[in-house]
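Descriptive structure summary
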Amino acid sequence: MPSDLLIDLHTHSNASDGTESPGGVVESAAAAGLDVVALTDHDTTSGWAEAAEASLRTGVALVRGTEVSARSEGISVHLLSYLHDPEHPVLVAQNDEVRRARSERARTMVELLSRDFDLTWDDILAQTEPGTTIGRPHLADALVHAGYAPDRSAAFATILRTGSDYYVPHYAPDAIDAIRAVRAAGGVPVFAHPGADLRGRVVGDAVIEEMAAAGLAGLEVRHRDNGPEQQRRLTMIARSLGLFVTGSSDYHGAGKPNRLGENTTHPEVLAQIEEIGRSDVIRP
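Residues numbered from 1 in each chain as written. Predicted model: local features only at pLDDT ≥ 70, side-chain atom pairs only at ≥ 80, totals over all residues. Heavy atoms only, no water.

As annotated in an unreviewed UniProt entry, the protein carries the name PHP domain-containing protein and is attributed to Sanguibacter biliveldensis.

Here's what the structure looks like:
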């Protein structure tokens, strides 16, 4: 595999909380000069087929994945699952339950918001596509559309922040169980933005060691939400536990300032992911 490939292994489409279609994400990856892109929507594989068609059309290789929601000791943990079997019953059931919980949580939050803001469930649906995994970003988009916040980031920092009067937690499986489900489905689990301490609490070294023992394969170290000190810490942990290191943009289209290719993954790491994963990378 050429050593100069540009590889971005973390993006989102409007199948979850991105603003571009799955095919549009791949087209944007081509425009950004990427050679390989991963589509990793939250708890769903519904965008895979469209993204695969765009891969063949644009020439950008596609790594099919999912960002799996989990928790450890009350702390949110996100796992990037690469190249798993999309029909494996354990992972399908887990993702279905998380999507159901996300939807129920969103409805509850809208009920709370409606006491102080002119906002309804139909306003949320207007910000989504059919089959979208609905979450807080869509509530933020509705608040922006109604003029209550200037952009999604501002809505998250104020009205929808953790601990606000409108915030409601949602169910997510334990991180160890989630890793085992990914492995059972033939996927390659990577801990997404594990040092994003500006978002909230992050897990400690001992938890990452437990995750590695359960089958965690890598850490997403090069990510804009991992500060320099966290990146140094995570690099040392990865080295000590024999985990590979990835770099990604966490692109959401217009939903976040993150730009495609702002962090990338070395081709040798992609080769490791391909060797472990059950599904193939789509190469035009």
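Here the narrative resumes, following the displayed structure.
**Observations concerning the nonpolar core**
Put simply, the rule is: Here, nonpolar core refers to any group of buried Ala, Val, Leu, Ile, Met, Phe, Trp, Tyr and Cys residues whose side-chain atoms link them within 4.5 Å. Exposed residues in this analysis have more than 50% of their type's maximum accessible area, buried residues have under 20%, and partly exposed residues fall in between, with area computed by a 1.4 Å probe over protein chains only. For the purposes of this entry, the term helix denotes a DSSP run of H or I that reaches at least four residues, the term strand denotes a run of E that reaches at least two, and both are numbered from the N terminus. Residues count as neighbours in contact if any of their non-hydrogen atoms are within 4.5 Å of one another.
Within the largest apolar cluster, 28 residues are counted, with the highest numbers of intra-cluster contacts made by Val77, Leu79, Phe191, Ile208, Met211, Leu216 and Leu219. Mapped onto this core, the elements with two or more residues apiece are β3 (61-72), β4 (75-82), α7 (175-184), α8 (205-214), β6 (218-222) and α9 (228-241). For this core, the element with the highest residue contribution is α7, accounting for 6 residues. Aside from chain neighbours lying at most four places away, what touches Phe191 is Val77, His78, Leu79, Val203, Ile208, Met211, Leu216, Gly218, Leu219 and Glu220. Counting residues in each nonpolar core, the second largest holds 20 residues, with Leu112, Leu113, Ile124 and Ala142 among its members.

**Side note on the sheet that holds strand β2 (residues 36-42)**
What counts is decided by this rule: DSSP calls a pair of strands paired once it identifies at least 2 bridges connecting them. For helices, the fitted line uses only the C-alpha atoms of the stretch in contact; every axis is such a line through C-alpha atoms, and the angle between N-to-C directions lies from 0 to 180 degrees.
Here we have 7 strands laid out as an open sheet, ordered β1-β2-β3-β4-β5-β6-β7, and mixed in their pairing. Unpaired on one side and paired on the other, β1 (7-8) and β7 (244-247) mark the two borders of the sheet. Packed on one face of the sheet, α9 meets β6 and β7 and runs near 155° to β6. Sheet contacts for helix α10 (residues 267-276): β1, β2, β3, β4, β5 (188-191) and β7; angle to β7, the most-contacted strand, approximately 115°.

**Thoughts on a negative patch on the surface**
Going by this rule: For patch detection, residues must exceed 30% relative accessible area and be free of salt bridges, and they are connected within 9 Å for like charges or within 5 Å for nonpolar side chains (Val, Leu, Ile, Met, Phe, Trp, Tyr). To measure how exposed things are, a 1.4 Å probe is used in the Shrake-Rupley method; for residues, cover is taken only from the protein chains shown. Salt bridge, as used here, is a side-chain nitrogen of Lys or Arg placed within 4 Å of a carboxyl oxygen of Asp or Glu. When charges are counted, Lys and Arg contribute as positive and Asp and Glu as negative, whereas His and the chain ends are disregarded. Where a charge sits is defined by one atom per residue type, namely NZ (Lys), CZ (Arg), CG (Asp) or CD (Glu).
On the surface, Glu73, Asp174, Asp177, Glu209 and Glu210 cluster together into a patch of negative charge. Mapped onto the fold, Asp174 is located in the loop between α6 (152-157) and α7. Looking at Asp174, the relative accessible area reads 36%, which means it is partly exposed.

**With respect to the side chain of Ser16**
The residue Ser16 is located in the loop between β1 and α1 (22-31) in this model. Apart from the residues within four sequence positions on either side, Ser16 is in contact with Asp41, His42, Thr132, Thr133 and His138.

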